[in-house]
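# Examining the three-dimensional arrangement
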Amino acid sequence: SHYQRSLFQSLRNLTNRVFRLLESRRDALDESVRDAADRVLPREKEILRLFRMVVDRRLTTQRIRHHGDFHLGQVLYTGRDFVVMDFEGEPARPIGERRLKRSPVRDVAGMIRSFHYAGHAALRGELAPGLLPAERVAMLRSRLRGLRDAVVATYLAAYAETASDAVFMPRTGDEFAFLLRIFLLEKAVYELGYELNNRPDWVAIPLAGITDILNQPQVSS
C-alpha cells in the first residue's frame, strides 16, 4: 500500500508538470495540434481520477526489476531471434527512480505505445508531401488503426501465454487490464512532455494517445 501511494504521487507529479508545460507551449503549436491540446487540457482531472484508482484497489502483481524504456528501438532482430538492449531505463528520469522495482506491465505498455508511434510515423511520411486526397487519408488512418489493433492483440496474447504462470503477473485479467491502462496513460503523458521539449511537431501523437486511452471503457476498481 505504501508503494501504491508513492506510485500515485509520482503519476500526479508527472501529470501536473506536463500539463503546465502544455499550457505554456500551447500558443506555439500548429493550429491543428492546438485544437487537440484544447481537447486534452480540460481532462487533467479525469486523468488524475484514473491514477487515483492505483491507491483505491488492492494489487496482487509482484514488482521486479524491469527494462524501464521498452520500445521497438530497443529490440534487434538477429534473423532467428530478438535481442533486447539498453536496460538503463528512461534517460529523463533520475537514477534513483529508474532503480525502483515496478510491475512489468509497465514495459508492456511501453511496447504498445511504440506500436502506435510506428504507425503514426509511417502515416506522417505519407502525408508529408500534402498530395493525398482526403478520402485516401481517411482510408489510411482506418487501415492504420486496424493494423495497430491487430498487432497489439497479437502481442498481448503472446505475452499472456508466455508469462501466465509468472509470479509478477496479476492474478486476474481485470487487474492486468487496469494496470495496462494506467501505465499506457502514464507513458502517453510522459511522451507528451518529451515531445513538447524535443519534437513539437510530434506532439499530436501523444495527444491522440491520451484521448484514445481516456475514451476506452472504464475498468472496474
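Right, let's walk through the structure included here. Computed from a prediction, not measured in an experiment: that's the story for all the values here.

### Notes on unusual backbone geometry
Even without glycine at this site, Asp86 takes up a positive phi of about 60 degrees. Residue position: Asp86 is located in the loop between strand 2 (82-84) and helix 4 (95-98). Asp86 gets classed as partly exposed once you look at its relative accessible area, which sits at 35%.

### Considering the layout of surface pockets
The gaps left among the atoms become clear once a water-sized probe is rolled over them. Considering only enclosed or pocket space, the largest pocket measures out at about 750 Å³ in volume. What lines the largest pocket is a set of 28 residues, and nearest its centre among them are His120, Arg141, Ala204, Ile205 and Ala208. At the level of elements, helix 2 (31-40), helix 5 (105-127), helix 6 (134-163) and helix 8 (204-214) are the ones that each hand at least two residues to the lining of the largest pocket. A total of seven residues in the lining of the largest pocket trace back to one element, the largest contributor, which is helix 8. For the lining of the largest pocket, the class distribution of residues is 14 nonpolar, five polar and nine charged.

### A few points about the nonpolar core
By size, the foremost hydrophobic cluster in this structure holds 51 residues, and its most contacted members are Leu22, Leu180, Leu185, Leu192, Leu207 and Ile210. Going through the elements one at a time, helix 1 (2-25), helix 2, helix 3 (44-56), helix 5, helix 6, helix 7 (173-198) and helix 8 are the ones with two or more residues in this core. Among the elements that make up this core, the one with the highest residue count is helix 7 (13 residues). With sequence-adjacent residues up to four places away left out, Leu192 is seen in contact with Val18, Leu22, Val203, Pro206, Leu207 and Ile210.

### A closer look at the packing of aromatic side chains
The tally for this structure, following the rule as stated, stands at four aromatic pairs. Between the aromatic rings of Tyr77 and Phe82, the centroid separation amounts to 4.8 Å while the plane-to-plane angle is 35 degrees, which identifies the pairing as tilted. Both residues of the pair, Tyr77 and Phe82, count as exposed. Ring geometry for Tyr155 versus Tyr159: centroids 6.5 Å apart, planes at 40 degrees, classification tilted. One end of the pair is Tyr155 and the other is Tyr159, both in helix 6 and four residues apart, which spans about a single turn. The exposure class of Tyr159 is buried, given its relative accessible area of 18%.

Rules and cut-offs
- Residues numbered from 1 in each chain as written.
- Predicted model: local features only at pLDDT ≥ 70, side-chain atom pairs only at ≥ 80, totals over all residues.
- Heavy atoms only, no water.
- Helix = DSSP H or I, 4+ residues; strand = E, 2+ residues; numbered from the N terminus.
- Buried < 20%, exposed > 50% of the residue type's maximum accessible area, 1.4 Å probe, protein only.
- 1 Å grid on protein atoms, 1.4 Å probe; cavity = no way out; pocket = protein on both sides within 12 Å on 5 of 7 lines; lining within 4 Å.
- Points joined across faces, edges and corners; volume = space filled by probe spheres on them.
- Nonpolar A, V, L, I, M, F, W, Y, C, P; charged D, E, K, R; others polar.
- Core = buried A, V, L, I, M, F, W, Y, C linked by side-chain atoms within 4.5 Å.
- Contact = heavy atoms within 4.5 Å.
- Phe/Tyr/Trp six-rings, centres within 6.5 Å; stacked < 30°, edge-to-face > 60°.

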